[in-house]
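Observations on the three-dimensional arrangement
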Amino acid sequence: MTVTGLVATTSTSASAHSTRHSQSHARLGYTQVVVAPPVYDLVTSAGITPAPLNGAKASAFKGTLAAKFPITSYRLRGLQIRHTGGISLTAGTATISLSDFNIDLARGRVSGVVNGTVGNVGRVDLFKIKGSDRGDLGLVRLTLTDTAAGALNTTFGVDAFAENATFGYATPRPFARF
């Protein structure tokens, strides 16, 4: 029922069949993504440096990292929340950027545009949306797709990332101040 709760929070002033677009990202809010603490420990111990891109913000949060991505539009009919900004992960000359996230609640997926050492991959499904096992970190749990795990492993020459492994937690905050 978490997904239903997420949708309900976005429908404050829009009709059930409308799309909401705005030039002002602050008015539409943001989604906060908190990296799972074991993933954050893995990333930092491997010398991988995260950095926000194109209007996203990142800061320390409960011993891990939280990133905020501005909501640019939402669509109630398709149960979608679109974002701008992204995050890059860099270790030496290896880099990968994930950006322009689209939460698709109907499919239970989060897609994003992937670029970097692996090439310009384009838009792919990055995460599966699951029930949260850490409500203190987010409303939903984000688990890696096989595509995302493969891109991370290939970029950094590791085998540490696996399909269905928890990457982090997300909480959309529509209408919240960015």
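Numbers given for residues are sequential positions, taken from 1 along each chain in its written order. In keeping with the model being predicted, local features are shown solely for residues with a pLDDT of at least 70 and side-chain atom pairs are shown and tallied solely at 80 or more, while totals for entire chains, interfaces and linings include all residues. To get the side-chain values, take all heavy atoms of the structure and skip hydrogens and water.

Okay, the nonpolar core next. To form a nonpolar core, buried Ala, Val, Leu, Ile, Met, Phe, Trp, Tyr and Cys residues must be joined to one another through side-chain atoms within 4.5 Å. With a 1.4 Å probe rolled over the protein chains alone, any residue whose accessible area is under 20% of its type maximum counts as buried; one over 50% counts as exposed, and the rest are partly exposed. Counting residues in hydrophobic clusters, the biggest one holds 44 residues, and the most contacted among them are Ile-96, Leu-126, Leu-144 and Leu-152. A total of 6 residues in this core trace back to one element, the largest contributor, which is strand E5 (residues 64-75). If near-sequence neighbours (up to four positions away) are discounted, Ile-96 is found in contact with Ile-87, Ser-88, Leu-89, Val-114, Asn-115, Gly-116, Val-118, Ala-151, Leu-152, Thr-155 and Phe-156. Secondary structure elements follow DSSP: runs of H or I of four or more residues count as helices, runs of E of two or more count as strands, with numbering from the N terminus. Two residues form a contact once any of their heavy atoms are found within 4.5 Å.

A few words now on the pairing of strand E8 (residues 94-104). A large share of E8 lies buried, amounting to 9 of its 11 residues. Each pair of strands is called paired provided DSSP finds at least two bridges between the two strands. Alignment of strand E6 (residues 80-83) against E8, held across 3 bridges, turns out to be antiparallel. Its bridge partner being in E8, Arg-82 is matched across the sheet by Asn-102. Note that strand E7 (residues 86-91) and E8 share 6 bridges and pair antiparallel.

Turning our attention to the pattern of salt bridges. Each reported salt bridge corresponds to a side-chain nitrogen of Lys or Arg within 4 Å of a carboxyl oxygen of Asp or Glu. Counted by the stated rule, this structure contains 4 salt bridges. A salt bridge links Asp-104 to Arg-107; its shortest N-O distance comes to 3.1 Å. Accessibility expressed as a relative area gives 9% for Asp-104, which makes it buried. For Arg-107, a relative accessible area of 46% puts it in the partly exposed group. The closest approach of N and O atoms between Arg-134 and Asp-136, which form a salt bridge, is 2.9 Å. Bridged by salt links that share partners, the residues Asp-104, Arg-107 and Asp-125 form one connected network.

Think of a patch as exposed residues, more than 30% relative accessible area, with no salt bridge, where like charges cluster within 9 Å and nonpolar side chains (Val, Leu, Ile, Met, Phe, Trp, Tyr) cluster within 5 Å. For the area figures, the Shrake-Rupley method with a 1.4 Å probe applies, and any residue is considered shielded solely by the protein chains shown. When charges are tallied, Lys and Arg are placed among the positive residues and Asp and Glu among the negative ones, while His and the ends of the chain are skipped. Note that the charge is assigned to NZ on lysines, CZ on arginines, CG on aspartates and CD on glutamates. A contiguous patch of positive charge, built from Arg-75, Arg-77, Arg-82 and Arg-123, is present on the exposed surface. Note that Arg-77 resides in the loop between E5 and E6.

A few words on the environment of Ala-67. Following the sequence through the fold, Ala-67 ends up in strand E5. The sequence separation of Ala-67 and Gly-86 amounts to 19 residues, and the corresponding C-alpha distance is 8.7 Å. The residues touching Ala-67, leaving out its near neighbours within four places in the chain, are Thr-31, Gln-32, Val-33, Lys-57, Ala-58 and Ile-87.

Positive phi is not limited to glycine here, since Asn-164 has a value of about 75°. Relative accessible area serves as the criterion here: at 42%, Asn-164 is assigned to the partly exposed category.

This part covers the packing of aromatic side chains. Aromatic ring pairs are defined here through the distance separating the ring centres and the angle between the ring planes. Pairing of aromatic rings covers Phe, Tyr and Trp, the last counted by its six-membered ring, and requires centre-to-centre distances within 6.5 Å; plane angles under 30 degrees mean stacked, over 60 mean edge-to-face, and any other angle means tilted. On inspection of all chains with the given rule, the structure shows 3 aromatic pairs. An angle of 80° between the planes, with centres 6.2 Å apart, marks the rings of Tyr-74 and Phe-175 as edge-to-face. Residue Tyr-74 is located in strand E5, and its partner Phe-175 is located in the segment after strand E12 (166-174); the two are separated by 101 residues in the primary sequence. You can call Phe-175 partly exposed: its relative accessible area is 33%. Ring geometry for Phe-127 versus Phe-167: centroids 5.4 Å apart, planes at 35°, classification tilted. Of the two residues, Phe-127 is situated in strand E10 (residues 122-131) and Phe-167 in strand E12; the sequence distance between them amounts to 40 residues.

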